[in-house]
Every structure is written in structure tokens, then in C-alpha cells.
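# Structural description and commentary
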Amino acid sequence: EYNAIIMDKMTEGRNNISKECYLVVSAEAEDLESAKRIFNRLDPEITTSFKEIGGSTATVMTSEERLESLYDIYNIGHEGTFMSAPDISEGIVKTDDVQNAVSAGIAAKDLIAPSGINFRRDWVRIGDKYARVVYLENYPNSLSDKFLSELTEVNCNMLVSLNYTPVRQDKA
């Protein structure tokens, strides 16, 4: 019976959920120029791969787009307000230009940070919302797209992070 209730709640939210997928690629490089060369080689490969698996499009985000995405993640309920008109109410400082903010000594992390973070043993308050982190372990080596689809259809704000690290064949 409990499973039926959960499935009903999942089904309830299917029509009003916006899904966004971000792929963060890192490169081990000696310097910035070497990293740029790696990214310039990887970008077309990634774009082509996403087109081949269902016609998805992949585009490299600008710095401001990345900051806006992070702002939306950390400021649930205030999505789409990043870099809005200057506002110093409620202790939140906003500006309409990232470069001006950085020139004024405001760090990028200060632009995206929620009004506060309060950690407790089994929950965290981020701004005016409560959250919990669930760590999954001992899951199958290959996750089906059905698993991820069902997980992301739960009717709540959710950030799912899958971290992949290449392992040398002789170490696997």
C-alpha cells in the first residue's frame, strides 16, 4: 500500500516538472592552455554523442549561464532571479552585471549563495527551504535509463549528481 502511495505521488508530478541535465567535464592538465586544448577536443565529441543518443543537444555554457544555474539550484523558489536589478533586502546583494560585481570585489560564490546554510545531523536548511542528502551505494554498475527517469519524476525539487571517474583497465 505504501508503494502505491509513492507511485501516485510520482505520477502526480509528471506533468509539471522541468528537467535540466548538466554535464560537468573536468580535465587533468598542466596549465589552462592544455586544459583548453582538451576541452576543445572533447566538446565536439560530447555534442556528437548526445545527438546520437536520442537527438539531444549539448551546448557549452557561458560563465554567467553556469552561475545562473548554480544560483537556481541553491535558491529554490527564487529561480530565474539571478542577476536581477540590484536588491539589498533580506541581506541578499544582487547586481545586474557579473563583471561589475567581480570588479567591486564580490566573489562569484557570493553571487550564487543562498541567504544562509544551516547543517544538522540529518537535514540542512538552505535559504528558506529544508533539504536532505541521500547517498546511494552498492547500486548496479550500469544504471538503466528507467531508474534515472523514475528517480527524476518524484514530485519534489531534486539535484541528482552522478560522478564518473575513469579507471584504468588493469585497476578495474
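Residues numbered from 1 in each chain as written. Predicted model: local features only at pLDDT ≥ 70, side-chain atom pairs only at ≥ 80, totals over all residues. Heavy atoms only, no water.

## Remarks on the overall build of the chain
Along the backbone of the chain there are six helices and three strands. Ordered by position from the N terminus, the helices and strands of the chain form the series α-α-α-α-α-β-β-β-α. Residue burial in the chain is summarised as follows: out of 172 residues, 12% are buried. A fraction of 38% describes how many contacts in the chain between residues 6 or more apart in sequence connect residues 24 or more apart. Put simply, the chain shows about 14,300 Å² of open surface, and 52% of that area lies on carbon and sulfur atoms. (Helix = DSSP H or I, 4+ residues; strand = E, 2+ residues; numbered from the N terminus. Buried < 20%, exposed > 50% of the residue type's maximum accessible area, 1.4 Å probe, protein only. Contact = heavy atoms within 4.5 Å. Areas by Shrake-Rupley, 256 points an atom, 1.4 Å probe, with all protein chains shown as cover.)

## Thoughts on a nonpolar patch on the surface
Taken together, the side chains of V134, L136, Y139 and F147 define a hydrophobic patch exposed on the protein surface, amounting to about 390 Å² of accessible area. Relative to the elements of secondary structure, L136 occurs in the loop between β3 (129-131) and α6 (145-152). (Patch = residues over 30% accessible without salt bridge, like charges linked within 9 Å, V, L, I, M, F, W, Y side chains within 5 Å. Salt bridge = Lys/Arg side-chain N within 4 Å of Asp/Glu carboxyl O.)

## Quick word on the pattern of salt bridges
Overall, the coordinates contain four salt bridges when judged by the stated rule. When the shortest N-O distance is used, the salt bridge between R132 and D122 registers 3.8 Å. In this pair, R132 is assigned in the loop between β3 and α6 and D122 in the loop between β1 (117-119) and β2 (124-126), connecting sequence segments ten residues apart. A salt bridge links K129 to D128, with the nearest nitrogen and oxygen atoms 4.0 Å apart.

## Here we look at the sheet that holds β2
An order of β1-β2-β3 is seen for the three strands of this open sheet, with the pairing classed as antiparallel. Because the sheet does not close on itself, it has two edges, and the strands there are β1 and β3. Strand-to-strand twist of the sheet, defined as the mean angle between neighbouring strand axes without regard to direction, takes the value 20°. Where β1 lies against β2, three bridges are found, and the strand directions are antiparallel. Paired with F119 across the bridge in β2 is V124. (Pairing = 2+ DSSP bridges. Axes fitted to C-alpha atoms, helices over the stretch in contact; angles between N-to-C directions.)

## Re helix α2 (residues 32-52)
Over its 21 residues, α2 runs 30 Å from end to end, which matches the ideal 30 Å to within 8%, given 1.5 Å per residue. By the largest-angle criterion, L42 marks the main kink of α2, which is about 25°, and a proline, P44, follows within four residues. Every buried residue of α2 is listed here: S34, A35 and L42. The N-cap residue of α2 is D31: its side-chain oxygen and the backbone nitrogen of E33 are 3.3 Å apart. (Expected span 1.5 Å × (residues − 1). Bend = angle between axes of the 7 residues up to and from the residue. Polar contact = N/O pair within 3.5 Å; in protein donor to acceptor, adjacent residues only side chain to side chain.)

## With respect to the environment of E28
Within the secondary structure layout, E28 lies in the loop between α1 (2-12) and α2. For E28, a relative accessible area of 81% puts it in the exposed group. For the pair E28 and I38, spaced ten residues apart in the sequence, the C-alpha separation amounts to 9.0 Å.

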